[in-house]
Protein chains: 2
Amino acid sequence: MQYFRTRIIIVEDNKTVREGFALIINSISKYFVVNTYDNCEDAIKNVKKDKPDIVLMDLELPGISGIEGIGEIKKIMPNVLVLVNTIYENSDLVFQALCAGASGYITKNSNHSELLEGIEEVLQGGAPMSSKIAKMVVTSFQKNPNSPLSNRETEVLELLAKGKSYSMIAKELFITKETAKSHIKNIYSKLQVNSKSEAIAKATQDKLI
Amino acid sequence: MQYFRTRIIIVEDNKTVREGFALIINSISKYFVVNTYDNCEDAIKNVKKDKPDIVLMDLELPGISGIEGIGEIKKIMPNVLVLVNTIYENSDLVFQALCAGASGYITKNSNHSELLEGIEEVLQGGAPMSSKIAKMVVTSFQKNPNSPLSNRETEVLELLAKGKSYSMIAKELFITKETAKSHIKNIYSKLQVNSKSEAIAKATQDKLI
DNA sequence: ATATACATCCCCTGAATAGGGGATGTATCG
DNA sequence: CGATACATCCCCTATTCAGGGGATGTATAT
């Protein structure tokens, strides 16, 4: 019987929350909380033994952060599904967690059913997120509409960011190398930078390309 | 009264679907379907007059594509919210639509209530997506776990992609310029490329960085 | 009419890069 | 004990880049 249950571990430093989650999850017969931890280190140490299908992960933890913890756990068991459960909704943490390998990101004001729905959605191959986080994620695909760069300059900068040389840029845009250089000079002046790497860094940060 | 309603336009080439959507949406008193179009060109032409809050957009259209249409409409009215409604769920289209400025992406097998929920979620500043699409989007943040590159090589390639020079890479990684070059040579050989721009292109495509 | 932005092209010089060639030492893995 | 991957360092030469200086023509604003 137990072999067919979804194995879940919980990493959460607050005892009350941790035990509450375990109770809620264990109340569903197809789920089975293998273990709970109040820090990442112990979870990482035992993940091979625990063989979880899902890790329910807090981010604000003593010792190594939840973000790093996700990476470590995914390194050991790449197929484990990590569902982040935290109070934080600021964009850096969300993207860091997703980049580290999280499959979903729900927040702690979720009620019991949202937690269980999140787990179920992760299991079904989905990516549960709050509405606000979904919006942040979608917005991250979109360019800054207030770019100071002209269309042509943006084209040049995109090619530069792809590692193209001046002459390759010139060839692709059917202009001379000198024109490409002129555009780049203007880009540098508009972005107030004076090197290629600074320009790419600023453009990436400000989502100009 | 009408002034307080959410103004919606529908771009959809199938007459039955188009009129069906209009009926469903107009059945909610706070929504108001200003106009419907069977192609993007007309929608773009009239968007200034229509002043929509939301555009419900099909992607498979005669004439210019829905993707381009999103871009054009957002260029004219940057604050309009575009909700894509299509049968296609393949990743390229999804990402193209999001990059072009879509705020949500729902699929046509959605029932009426999903359509209305999508509209409401977009209005509330969210980003409605199907579970499958949310997963695609989240996965797009994650690196390829089967990278052929070593950790060091990945670091070097990341800096290269940021436009850093060999000497800057060397300085940042506390190695000599020659070592950095060696890593780059090895990267080129592993990725079967022979230039910086090809390496960056391949790495980006395969999500190695 | 007069700026201002945009896109295009030219020249110069010193420094950096690309793409070859090789070498060494340390792990790790059969 | 080899073989292999990894990370480190050295040399060489043609090409390219950065950053400076200008110039021209066309739109678009003001």
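Our subject is the structure that appears above.
A brief look at the structure comes next. (Residues numbered from 1 in each chain as written. Chains lettered and ligands numbered in written order. Predicted model: local features only at pLDDT ≥ 70, side-chain atom pairs only at ≥ 80, totals over all residues. Heavy atoms only, no water.)

### A short note on the pairing of strand E2 (residues 31-37) of chain A
All names here are of chain A.
Step number 1: Along E2, five of the seven residues are buried, which leaves the element largely enclosed by surrounding structure.
Step number 2: The sheet contact formed by strand E1 (residues 6-11) and E2 spans six bridges and is parallel. Pairing of Thr 6 across the sheet is with Tyr 31, part of E2.
Step number 3: Note on the crossover from E1 through helix H1 (residues 15-26) to E2: the handedness is right-handed. (Buried < 20%, exposed > 50% of the residue type's maximum accessible area, 1.4 Å probe, protein only. Helix = DSSP H or I, 4+ residues; strand = E, 2+ residues; numbered from the N terminus. Pairing = 2+ DSSP bridges. Right-handed = clockwise from strand over helix to strand, strands pointing away.)

### Looking at the pattern of salt bridges
Two side chains that carry opposite charge are able to pair once their charged atoms sit near each other.
All names here are of chain B.
Step number 1: A complete count under the given rule lists 24 salt bridges over all chains for this structure.
Step number 2: One salt bridge connects Arg 152 with Glu 155, and the closest N-O pair in it is separated by 3.2 Å. Taken together, the positions of Arg 152 and Glu 155, both in helix H7 (residues 151-161) and three residues apart, correspond to about one turn of that helix.
Step number 3: Overall, the relative accessible area of 33% leaves Glu 155 in the partly exposed class.
Step number 4: A salt bridge links Glu 153 to Lys 190; the shortest N-O distance between them is 2.7 Å. Taken together, the residues span a long stretch of sequence, with Glu 153 in helix H7 and Lys 190 in helix H9 (residues 177-191) at a distance of 37 residues.
Step number 5: Among the residues examined, Glu 153 registers a relative accessible area of 7% and is labelled buried. (Salt bridge = Lys/Arg side-chain N within 4 Å of Asp/Glu carboxyl O.)

### A look at empty space enclosed by the protein
Step number 1: In the structure shown here, the tally under the stated rule is one cavity of 30 Å³ or more.
Step number 2: In this structure, the largest cavity spans a volume of roughly 40 Å³.
Step number 3: If you go around the largest cavity, the residues you meet are A:Leu160, A:Ala161, A:Gly163, A:Lys196, A:Ile200, B:Leu160, B:Ala161, B:Gly163 and B:Lys196.
Step number 4: Elements with a minimum of two residues in the lining of the largest cavity: helix H7 (151-161) and helix H10 (196-205) of chain A together with H7 of chain B.
Step number 5: Here the residues of the lining of the largest cavity are counted per class, giving five nonpolar, two polar and two charged. (1 Å grid on protein atoms, 1.4 Å probe; cavity = no way out; pocket = protein on both sides within 12 Å on 5 of 7 lines; lining within 4 Å. Points joined across faces, edges and corners; volume = space filled by probe spheres on them. Nonpolar A, V, L, I, M, F, W, Y, C, P; charged D, E, K, R; others polar.)

### Quick notes on unusual backbone geometry
Step number 1: The phi dihedral of A:Gln192 is positive, around 55 degrees, even though this residue is not glycine.
Step number 2: Tracing the backbone through its elements, the reader meets A:Gln192 in the loop between helix H9 (177-191) and H10.
Step number 3: Phi at B:Lys51 is positive, roughly 45 degrees, even though this residue is not glycine.
Step number 4: Here B:Lys51 shows up in the loop between helix H2 (40-50) and strand E3 (54-57).

### Side note on helix H2 (residues 40-50) of chain A
Residues and elements named next belong to chain A.
Step number 1: Looking at H2, one finds that the buried residues are Cys 40, Ala 43, Ile 44, Asn 46, Val 47 and Asp 50.
Step number 2: Tucked inside the fold, the buried residues of H2 contact E1, E2, strand E3 (54-57) and helix H3 (66-76).
Step number 3: Near the N-terminus of H2, the side chain that reaches the backbone nitrogen of Glu 41, with its oxygen 3.1 Å away, is that of Asn 39. (Contact = heavy atoms within 4.5 Å. Polar contact = N/O pair within 3.5 Å; in protein donor to acceptor, adjacent residues only side chain to side chain.)

### Here's the deal with the interface of chain B and chain A
Interfaces are often described in size by the accessible area the parts lose on coming together.
Step number 1: Of the residues lining the interface, 28 residues belong to chain B; the matching set on chain A comes to 28 residues.
Step number 2: Regarding the contact of chain B and chain A, the summed buried area is about 2300 Å², with carbon and sulfur atoms giving 62% of it.
Step number 3: The tally of links from chain B across to chain A stands at zero salt bridges.
Step number 4: Run the count over chain B and chain A and you get six residue pairs in polar contact (both at pLDDT 80 or more).
Step number 5: Sorting the residues of the side of chain B that touches chain A by element identifies helix H4 (91-100), helix H6 (131-139) and helix H10 (196-205) of chain B as the ones contributing at least two each.
Step number 6: The biggest single contributor to the side of chain B that touches chain A is H6(B), with five residues.
Step number 7: Its residues assigned to classes, the side of chain B that touches chain A comprises 14 nonpolar, nine polar and five charged. (Buried area = accessible area lost by both parts, 1.4 Å probe.)

### What about the nonpolar core?
Nonpolar side chains in soluble globular proteins tend to be buried together.
Step number 1: Of all hydrophobic cores here, the largest spans 68 residues; its most connected members are A:Val137 and B:Val137.
Step number 2: Among all residues touching B:Val137, those that are not within four sequence positions of it are A:Val137, A:Phe141, B:Phe95, B:Leu98 and B:Met129. (Core = buried A, V, L, I, M, F, W, Y, C linked by side-chain atoms within 4.5 Å.)

### A look at the sheet that holds strand E1 (residues 6-11) of chain B
All names here are of chain B.
Step number 1: Here we have five strands laid out as an open sheet, ordered E2-E1-E3-E4-E5, and parallel in their pairing. Edge positions in the open sheet fall to strand E2 (31-37) and strand E5 (104-107), since each of these has one partner strand only. Ignoring which end each strand starts from, the neighbouring axes of this sheet average 20 degrees apart.
Step number 2: Here four bridges tie E3 to strand E4 (residues 81-86), and the two strands are oriented parallel to one another. Paired with Val 55 across the two strands is Val 82, which belongs to E4. (Axes fitted to C-alpha atoms, helices over the stretch in contact; angles between N-to-C directions.)

### So, the protein's contact with DNA strand D
Step number 1: Around DNA strand D, the surrounding shell holds 20 residues, and the nearest of these are A:Ser165, A:Tyr166, A:Asn194, B:Ser150 and B:Ser182.
Step number 2: The sugar-phosphate backbone supplies 55% of the atoms of DNA strand D found within 4 Å of the protein.
Step number 3: Between DNA strand D and the protein, one listed contact pairs a base nitrogen with a side-chain N or O atom of B:Glu178 at 3.0 Å.
Step number 4: Looking at the surface near DNA strand D, the elements with two or more residues in it are helix H8 (166-173) and H9 of chain A together with H9 of chain B.
Step number 5: Counting residues per element, the surface near DNA strand D draws most heavily on H9(B), at six residues.
Step number 6: Class assignment of the residues belonging to the surface near DNA strand D gives a composition of three nonpolar, ten polar and seven charged. (Near = heavy atom within 4 Å.)

### Things to note about the relation of the copies chain B and chain A
Step number 1: Placing chain B over chain A gives an RMSD of 0.1 Å and needs a rotation angle of 180 degrees, together with 0.1 Å of translation along the axis. Accordingly, the operation relating the two chain copies is best matched by a two-fold axis.
Step number 2: Of the residues that chain B buries at the interface, 100% are likewise interface residues in chain A, meaning the two copies contact each other through the same surface. (Least-squares fit on C-alpha atoms with pLDDT ≥ 70 in both.)

### Quick look at the protein's contact with DNA strand C
Step number 1: Around DNA strand C there are 20 residues in total, and A:Ser150, A:Ser182, B:Ser165, B:Tyr166 and B:Lys185 lie nearest to it.
Step number 2: The sugar and phosphate moieties of DNA strand C supply 56% of its atoms located within 4 Å of the protein.
Step number 3: Here A:Thr179 contributes a side-chain N or O atom positioned 2.9 Å from a phosphate oxygen of DNA strand C.
Step number 4: For DNA strand C, a phosphate oxygen lies 2.6 Å from a polar atom in the backbone of B:Asn194.
Step number 5: Elements with a contribution of two residues or more to the surface near DNA strand C: H9 of chain A together with helix H8 (166-173) and H9 of chain B.
Step number 6: Top contributing element to the surface near DNA strand C by residue count: H9(A), with six residues.
Step number 7: Partitioned by chemical class, the residues of the surface near DNA strand C number three nonpolar, ten polar and seven charged.

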